[in-house]
Amino acid sequence: MTHMILIPLTADWQAVQVASGSAILPSGLPSGLPAQVPGTIASALRAAGQFEYGKDNFDEVDVWYFCDLDLPENAACLHFEGLATHAEVYWNDSIILRSENMFTAHSLDLAALAVSGKGRLSLRFLAMNTQLAQRRPRPRWKTRLVEQQQLRWMRTSLLGRMPGWSPPVAPVGPYRQILLELQSPARVTSKNISSKLDGADGVLEIELTVQSTHALTACSIKIGEQDFALNWQSLGGNQYRILGLCRIAEVKKWWPHTHGDAALYALELQIASAGHMQTIDLGHAGFRQIQVDLRDGDFNLHVNDVPVFCRGACWTPVDIISLQNEAIDLHQMLTLARDAGMNMLRVIGTMVYETAEFYQLCDQLGILVWQDCMFANMDYPVSDGAFAASITTEVQQFLQRTQVSPCIAVVCGNSEVEQQAAMLGQPAELWRNEFFAQTLPGLCQQYRPDVQYWPSSPSGGVMPFQLDSGVAHYFGVGAYLRPLDDARRSAIRFTSECLGFSNMPDDELIDSMLRNGETPGPHSAWKQGIPRDNGTGWDFEDVRDHYMAELYKVNPANLRYADRERYLSLARTTTGEVMAKTIAEWRRVGSTCHGALIWFWRDLRPGAGWGIIDAQGKPKAAYYYLKRAMATLTVLITDEGLNGLALHVINDGPQAFEGELELNLYRHAEARIAHGRIAVRVAAHAAIKVQDYALLPHFIDTSYAYRFGPAGHDVVHAALYHQGHEQAIATDFHFPLGHQFDQQADVGLRAHCSQDADGNHILHLSTQKLAQAVTVQIPGMLPEDNYFHMAPGSSRQVRLSVMHGKSIRPGHVQAQNALANVRVAIANSAATSVIL
C-alpha cells in the first residue's frame, strides 16, 4: 500500500530586504537572515532578535526568500499555499510563477517547467507601495479603515495596514506552506465532496478527478468503519473521474459542542492499479443540517432542526507577526474558547483565511465558524475582469479546501462594505455589487450548498446597520456609551460583532511590556496597545472608564492617579461585568437575540486591547465573566423592574436537566434575609424563566424598583444545583444598589490548596461576607474560574492547572471589596498541565 507523499520545504531558507526594484534576479542577492517557512519577513527578523513594532515598513521594500534544493528524480510538483502578496517565483534565474493574490494557492508541474536536479528556489515579494503607486480608477467612496484607498485593488490582508487598532506589521512572505510532491501511482487533481442529512441517514456525494500511471482496477472509499465501492470512468490521458453516492444508515450527527457530540467520520480513498493499492486521505466529514430562519427580519440559526444561540468571538490570528498556528498554541486557544461555552467563532474579513488545522480543530471541538471572505469596507473593483477572476478563484479554492468541514455554518461576503457605503451616503444600488449579490452565493451553492450565505456583515435592515433586523454590529453598550438596558431596547436579532472594550490584562503582562517609570494611562508606550477607531478623538480606554464610573461610582482619572492598583482592579472587572450582563440579556427567555460574537478573541499586540485573551495567550478577566454567562447549563438573573427579578435556567445540552434552583437575599453583604429553593426541570435544548417570587415566602422588592423606603438587601444570589447536591453548577449575582461596595479590612475570605486522588490541584475557598470579584493570582497556575463573586457564608472549589514552562510560586487570592489578600502556597508535586 502506498500513500501520496508531500514534503514541506521548511529548512535552509534565507530572507533579505532590498530597496524596491534594486534586485531583478536572485543571482545578485546578498546573503540573508535564516528564515522559517512558512512565515513572514517580520517573523524572520523576530527570530534574529531584530524585530520592533514600527521599526520597518515592509510595504516599502522588496523581500526575497531563497533556498538551495536538490530535487529527487521522482519530484513531481511544487505547491505554494499562500504567498503574500505580489510574488515572483524563480528556479535559478528563470521565473516560473507570478502571483498577485495572497489568498490563492498555486501548483507547478516540475516536468512541464523543466525544473529538476540542483538549483535555487527564490521568491521575490514586490514592494506593496510600488504596486499602490500605479494609477488606477478612484473608488466611489473612501474608508477611514485604511489610509491607502488603492488597497482595494490588492488581494492582501489588511492586517498591519489599519491605523488605530492593528499594529504596523504588514504580512510579507511565504505565510503558508510550500510543499514538494513526489510521484505516486495516483493523485487527486480535483475533488468535490458534499455531506448532508437525509432523515436519520447521512449521505456523502463524491466526484473526484484522479491521475493514475496505470489503469484503475478497483476504487472504494472508507467512511468511518464502512467501505463503499465507487464508480469510475476514463477521461483519457491517464485521467479518471470517480463518482459515488454513499448512504450511512442511522448516522451520528455533528453538533456544536454546546448541544451534542461533534461526530466525525474519517474519509479514505482506496485506489487499486497494476497490483498496487494506494490510500489517499480525504480528511473527515460530519453530517449536519444548517438552516437560518429569516422570517420577519430574524436571523435564527438552526443546527439539525434545533435553534442554537450562537455565542463566541471574532477570531484573531494566534501570531500576527508570523501568521502561523503552532499546533500547541492553536489547540490551547480553541480549547479555551470551547471551555468558555463558545460555540461559534467568526473569521473576520480584514484578516486571513485560516489554516486547515484551524478548521479541523473546530470540527473536532464542535465550534461553528462564521467565515467572512477577505473583503472589508472598501469599494472593490469587481467589474475589472482580471480582478474578478482572481477573487473568484480565491473563494472557489477556499470553499473546495474546506468542503467537508461541518464547522463552517455561515459564509459571509464581506465585513462592513454595505455599512460603509450606506453611512457615506451612497445610494442603495451601490451597497452590494454583483460579486457579493450573485457570484459568491453561486459559488456557495456549487461547492458548499450546506452552509448559509450572507452578503455582508452587518446587513438585513432598511439600512445595513439597522440593529433590529438581520445581522448587526452592536456597539451601543460599548463605543457609543449607551446604558446597559440599550441591549434590550435595540431588539438585536444576531450580532456578529459586539461589545468591543479595552480589556485590561493581568499585572504579569503589564510588567512585561512597560519599562521602569512607564505605567498604564496616558504614557505613549501604554497607549500603543489601546485600540481606537482611526480619526476619532477618543479611544476604547475612555469607553471602559465611562462604564467604570457608571458601575462603581468612581472618578476613573482621579482613581488612576491616587490608587493605581484599585484602578486596574476595577478596569478588569468593569468590562467583564458589562459583557456578562449584556450576554445574559440576550440569552434570557423571550429575547429577540439569537447570537452574539465578541469583538474580539485575542489581542494583536501586548496591552489592553479588544481581546478577552491577552497577547501572550492568557485569559483576561472578561474571559471568565463570559465563560460563566455563555455556559451550556447555567442560571442568569435579569432585572425586570416592577416585575422583580427573573431567573433564567438555560440548558443547551442534549439531555433534560433535573435539579434545584436557589435564591438568596443578603443585607449589608453578610446577613441573609430571605431564602428559597425549588426543584426545576428543563428539557434538552431549552430554557425556563422562574419569577423570583416563586422562591420567596412573601413579597420582597427584589429589584428595589418600588423603593418603599431603604433597600432591605444589597446582594441577590442565584444558584443552580444537581438534585441532592450542595456544590453549585452555576451562580449569578445581582446588586440592586450597585457594585460600589466599600473595601473592608477583612471579609472573612480564606483559602488553601490540596490535591485530589489524580494529583490535580484544588483551591478551596470560603468567605464570611460577600467576596466580590475574587481574583486568583498564583504564578505558574491557571485557574478554571477567576474574578467570581462568592455569596456570604459560602465555599467553593477551583481547579488549578500547571502552566507549561512556568515555575510555580506562592500566590494569593483577593476579593475586590477587601483591602488585604490571602496568601496561597502550592504543594510541589504532580499536577494537571495546561500549555500557556
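Above this note sits the structure.
This section reports on the structure supplied with the text. Since we're looking at a predicted model, the values are computed, not measured.

## Focus on the overall build of the protein chain
In terms of regular secondary structure, the protein chain is built from 14 helices and 46 strands. At 28 Å, the protein chain has a C-alpha radius of gyration in line with the 28 Å of a compact globule built from 836 residues. With the C-alpha coordinates of the protein chain rotated into their principal frame, the extents come out at 90 × 65 × 65 Å. Counting all 836 residues of the protein chain, 59% fall into the buried class. Within the protein chain, counting contacts between residues at least 6 apart in sequence, those at least 24 apart form 69% of the total. Split by element, the accessible area of the protein chain, about 32,700 Å² in all, is 48% carbon and sulfur. Distance between charge centroids for the protein chain: 3 Å, based on 67 positive and 85 negative side chains.

## A short note on the nonpolar core
In terms of nonpolar packing, the biggest core is built from 185 residues, with Leu121, Trp586 and Trp601 touching the most fellow members. Among the elements that make up this core, the one with the highest residue count is helix H13 (residues 564–587) (nine residues). In this view, tryptophan 586 contacts Phe309, Tyr474, Ala487, Ile492, Thr495, Cys498, Leu499, Ser591, Cys593 and Ala596; residues no more than four positions away in its chain are not counted. Ranked by size, the runner-up nonpolar core spans 28 residues in total, among them Ala186, Ile206, Tyr240 and Leu282.

## Notes on the packing of helix H5 (residues 385–401) against helix H7 (residues 434–447)
With their axes 10 Å apart at the nearest point, H5 and H7 run at an angle of 30° to one another. Accordingly, the angle class assigned to the pair H5 and H7 is roughly parallel. Every pair of crossing elements has a handedness; the one defined by H5 and H7 is right-handed. On the side of H5, the interface is formed by Ile391, Thr392, Val395, Gln396, Leu399 and Gln400, while H7 contributes Phe435, Thr439, Leu440, Leu443, Cys444 and Tyr447. Split into classes, the residues belonging to the contact of H5 with H7 amount to eight nonpolar, four polar and no charged.

## Side note on the sheet that holds strand E42 (residues 788–790)
Hydrogen bonds between backbone atoms are what pair the strands of a sheet, whose relative direction is either parallel or antiparallel. Spatially, four strands are ordered E42-E40-E44-E45 in an open sheet, and the strand pairing comes out antiparallel. The open sheet has two edge strands with one neighbour each: E42 and strand E45 (822–824). Averaged over neighbouring strand pairs, the angle between their axes works out to 35° when direction is ignored. As paired strands, strand E40 (residues 771–777) and E42 are joined by two bridges and run antiparallel to one another. Counted as the bridge partner of alanine 771 is methionine 790 from E42.

## Concerning the sheet that holds strand E8 (residues 94–99)
Within the open sheet, the six strands sit side by side as E4-E3-E5-E10-E7-E8. Their pairing is antiparallel. Two strands close off the open sheet at either side, each with one partner strand: strand E4 (33–35) and E8. Averaged over all pairs of adjacent strands, the angle between their axes in this sheet comes to 30°, without regard to strand direction. Pairing of strand E7 (residues 87–91) with strand E10 (residues 118–125) involves five bridges; the strand directions are antiparallel. In the sheet register, valine 89 faces E10, and the bridge partner there is leucine 123.

Analysis parameters
Residues numbered from 1 in each chain as written. Predicted model: local features only at pLDDT ≥ 70, side-chain atom pairs only at ≥ 80, totals over all residues. Heavy atoms only, no water. Helix = DSSP H or I, 4+ residues; strand = E, 2+ residues; numbered from the N terminus. Rg over C-alpha atoms; globule rule 2.2 N^0.38 Å. Buried < 20%, exposed > 50% of the residue type's maximum accessible area, 1.4 Å probe, protein only. Contact = heavy atoms within 4.5 Å. Areas by Shrake-Rupley, 256 points an atom, 1.4 Å probe, with all protein chains shown as cover. Lys, Arg positive; Asp, Glu negative; His and termini not counted. Charge placed at Lys NZ, Arg CZ, Asp CG, Glu CD. Core = buried A, V, L, I, M, F, W, Y, C linked by side-chain atoms within 4.5 Å. Axes fitted to C-alpha atoms, helices over the stretch in contact; angles between N-to-C directions. Parallel < 35°, antiparallel > 145°, perpendicular 65-115°, else oblique. Left-handed = near helix turned anticlockwise from the far one by under 90°. Nonpolar A, V, L, I, M, F, W, Y, C, P; charged D, E, K, R; others polar. Pairing = 2+ DSSP bridges.

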